[in-house]
Amino acid sequence: MPDASPTSANRWPPQIKFIVGNEACERFSYYGMRSILAGYITGAVLKGGLGQTDDTATEIIHLFVFVNYFMPLLGAWLSDKIVGRYHTILWVSLFYCAGHGVLACSDFAGNVHGKMICLVTGLSLIAFGSGGIKPCVSAFMGDQFKPEQSHLLQKAYGAFYWSINFGSFFAFLVIPWIKDHHGYSLAFLVPGILMAIATLIFWSGTKHYVRVPPTRETNTAGFFKVYFAALRGAPEHFTAALLNLSATIVLPALAIVLMTWQAFSGSGSLMKILGWISLGSIAIWYLLVLGLSLLRKTELPETFWRKAAGQHDEKEIDGARSLTPILFVFALVPVFWSLFDQTNSTWVLQGAKMVPTTILGLNIGAEQMQSMNPAIVMVLVPLFTLGIYPRIGRFAAPLKRMAYGMFLAAASYLVVAALQTRIEHGMQLCVLWQTVPYVILTAAEVLISTTGLEFAFREAAPEMKSIVMSFWLLTIAFGDLFIAVITKLLSNSAGNAAVSTGRFVQYAGLTFVVAILFSIVAAFYKYRDAAAARGK
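### Things to note about helix α14 (residues 314–330)
Piece 1. A rise of 1.5 Å per residue sets the reference length of α14, with its 17 residues, at 24 Å; its end C-alpha atoms lie 25 Å apart and thus fit the reference within 8%.
Piece 2. Burial runs high along α14: 14 of the 17 residues are buried.

Below, the structure is given as structure tokens:
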């Protein structure tokens, strides 16, 4: 019989160590492979590379990342509707391992054409594996906690996020070193071995896991079945229902389609018009989100959902109701990821114009500065979760934390803009000056990303947890797509507008505005979890 004592309620489930260990090894494998991917694609053929251009490398890498953050929709569908979270994680991880294996065997392919086939095959398998398990692992960890243990979720997700950065930090250091000393095959093989270890660790906890059955086994209907059943019975709510669906599903989907078309098409006046239309659709979307939040219409009324009661049970209706208010919050998160993910692009390009240095015999340049982020996260996560959040009470409610993070993200770009101004005026700055914006932006990341995982799990109904997690991951894809469109629309003849004082100030200003909008939406959000509203 399960232990229901007060001591048990205040202790993490023992199986959590398997999930956190799995995540650390999986992230090492992913970021380890990513750390050498660009060099492999553009490297000299005689040195084991593929000898491709920078543009080809950029296209391959960004398509790979794009697929990574759209695959969660498939993973969430598999886990929530077909096989459950446990089996999705276990079996999809095998494809992940296979992808690393294909990359490691690329030397046996002979010529460059054969290696390219291995690259595309390997990355496709990794994207399927990594993206497929993304929405499941964090939700599966939350499944292990009983209702009386919900107060432990904040620290548990902090540890989960810490493990991600623990794995990525060492990956950025170890895998490039292996490549330099032993070549690409071994450098690709080691991440594959770590992914195999990750899968073994996860499997080792099998007998301890709590498994939530998929809706196929519980015959639970999804969001759209319940939504349209209610809509058919409540025509008087048609306008409100249409506006709600437009703000959460229709307008963001339209923006993604238009931006994808513009980002992957050629240049020309027609494509520029399409790009501005896509940005206009985002503006309309955000105005609708703000308006419905101010009118307290982010959740459709009880009388609307009651109309579905004849066809669906209370759990199904509750699950459908839980989704749209969460998506109103998620709508404003992509702008943060637009800023954060530039640490691997414009920040590196800025750092290349700064003066490298040496610490303990290790050369620190623009690329090495990227390891600053996971290093800072591993310090800030325990500091925030153990030291700060417990002391500020209701001011540590999830959406308040995320709002603080938005303002910090904007502030970090003011610092980056200040550094860029000095570079443009000919000053020779040490690359370590980037530590300042890294600390500020990483603090924002901890406040937003760690909290977002916690918020998504605590507020989503059990039947919707993986779907909600996949929408969270889609905010990252949306943010990266947004930057691609902005860069293409506002480029100059020199091709360096993306790394300029003006552009950094524009991003800071945009994010300050979105931070204010987010604070307003958060203020009108009604928590399902009362403890979360109190910062517990």
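### Side note on a nonpolar patch on the surface
Piece 1. The grouping of Trp 162, Phe 166, Phe 170, Leu 173, Val 174 and Leu 362 at the surface amounts to a nonpolar patch, some 480 Å² of accessible area in total.
Piece 2. No other element matches helix α7 (residues 153–182), which puts five residues into the nonpolar patch.

### Regarding the environment of Leu 517
Piece 1. Here Leu 517 is to be found in helix α21 (residues 501–523).
Piece 2. In this structure the C-alpha to C-alpha distance between Leu 517 and Ser 293, which are 224 residues apart in sequence, comes to 9.8 Å.
Piece 3. With sequence-adjacent residues up to four places away left out, Leu 517 is seen in contact with Tyr 286, Leu 290 and Leu 332.

### Observations regarding the packing of aromatic side chains
Piece 1. Counted by the stated rule, this structure contains 34 aromatic pairs.
Piece 2. Judged by centre distance (5.8 Å) and plane angle (20°), the ring pair of Phe 336 and Phe 340 falls under stacked. Of this pair, Phe 336 and Phe 340 both sit in helix α15 (residues 334–340), four residues apart, which is roughly one turn of the helix. Like Phe 340, Phe 336 is buried.
Piece 3. Aromatic rings pair up to connect Phe 330, Phe 336, Trp 337, Phe 340, Phe 455, Trp 472 and Tyr 525 into one cluster.
Piece 4. Just above the ring of Tyr 86 sits the side chain of Arg 211; from NZ or CZ to the centre is 3.9 Å.
Piece 5. Lying across the ring of Tyr 389, Arg 401 places its NZ or CZ 4.4 Å from the centre.

### Brief notes about the layout of surface pockets
Piece 1. By volume, the second largest pocket is sized at about 630 Å³.
Piece 2. Along the wall of the second largest pocket there are 31 residues; nearest its centre are Leu 73, Ile 249, Leu 327, Phe 471 and Leu 474.
Piece 3. Those elements that place two or more of their residues in the lining of the second largest pocket are α4 (72–82), α10 (223–233), α11 (238–263), α14 and α20 (465–489).
Piece 4. No other element matches α11, which puts six residues into the lining of the second largest pocket.

### Looking at the packing of helix α5 (residues 84–104) against helix α8 (residues 184–204)
Piece 1. One can describe the packing of α5 onto α8 by two numbers: an axis separation of 8 Å at closest approach and a directional angle of 165°. Taken together, α5 and α8 sit at an angle that is classed as roughly antiparallel. As for the relative orientation of α5 and α8, their crossing is left-handed in sense. Across the interface between the two elements, Tyr 86, Ile 89, Leu 90, Ser 93, Leu 94, Tyr 96, Cys 97, His 100, Leu 103 and Ala 104 from α5 touch Ser 185, Phe 188, Leu 189, Pro 191, Gly 192, Met 195, Ala 196, Thr 199, Phe 202 and Trp 203 from α8.
Piece 2. In terms of residue class, the contact of α5 with α8 is made up of 15 nonpolar, five polar and no charged.

### Looking at the nonpolar core
Piece 1. Of all hydrophobic cores here, the largest spans 160 residues; its most connected members are Trp 305 and Phe 518.
Piece 2. With 13 residues, α20 is the single largest residue contributor to this core.
Piece 3. Residues within four places of Trp 305 in sequence aside, it is in contact with Phe 223, Val 226, Tyr 227, Ala 230, Leu 300, Ile 317, Ala 320 and Arg 321.

### Looking at the pattern of salt bridges
When the charged atoms of two side chains lie near each other, side chains of opposite charge can form a pair.
Piece 1. For the structure shown, the criterion picks out six salt bridges.
Piece 2. Across the pair Glu 302 and Arg 306 runs a salt bridge, and its minimum N-O distance is 2.8 Å. With Glu 302 and Arg 306 both in helix α13 (residues 302–306) and four residues apart, this pair spans about one turn of that helix.
Piece 3. We classify Glu 302 as partly exposed; its relative accessible area is 38%.
Piece 4. A residue is classified by how much of its surface remains accessible, and Arg 306, at 31% relative accessible area, is partly exposed.
Piece 5. Here the salt bridges do not stand alone but share partners, grouping Glu 299, Glu 302, Arg 306 and Arg 321 into one network.

What counts, and where the lines are drawn
- Residues numbered from 1 in each chain as written.
- Predicted model: local features only at pLDDT ≥ 70, side-chain atom pairs only at ≥ 80, totals over all residues.
- Heavy atoms only, no water.
- Helix = DSSP H or I, 4+ residues; strand = E, 2+ residues; numbered from the N terminus.
- Expected span 1.5 Å × (residues − 1).
- Buried < 20%, exposed > 50% of the residue type's maximum accessible area, 1.4 Å probe, protein only.
- Patch = residues over 30% accessible without salt bridge, like charges linked within 9 Å, V, L, I, M, F, W, Y side chains within 5 Å.
- Areas by Shrake-Rupley, 256 points an atom, 1.4 Å probe, with all protein chains shown as cover.
- Salt bridge = Lys/Arg side-chain N within 4 Å of Asp/Glu carboxyl O.
- Contact = heavy atoms within 4.5 Å.
- Phe/Tyr/Trp six-rings, centres within 6.5 Å; stacked < 30°, edge-to-face > 60°.
- Lys NZ or Arg CZ within 6 Å of the ring centre and 35° of its normal.
- 1 Å grid on protein atoms, 1.4 Å probe; cavity = no way out; pocket = protein on both sides within 12 Å on 5 of 7 lines; lining within 4 Å.
- Points joined across faces, edges and corners; volume = space filled by probe spheres on them.
- Axes fitted to C-alpha atoms, helices over the stretch in contact; angles between N-to-C directions.
- Parallel < 35°, antiparallel > 145°, perpendicular 65-115°, else oblique.
- Left-handed = near helix turned anticlockwise from the far one by under 90°.
- Nonpolar A, V, L, I, M, F, W, Y, C, P; charged D, E, K, R; others polar.
- Core = buried A, V, L, I, M, F, W, Y, C linked by side-chain atoms within 4.5 Å.

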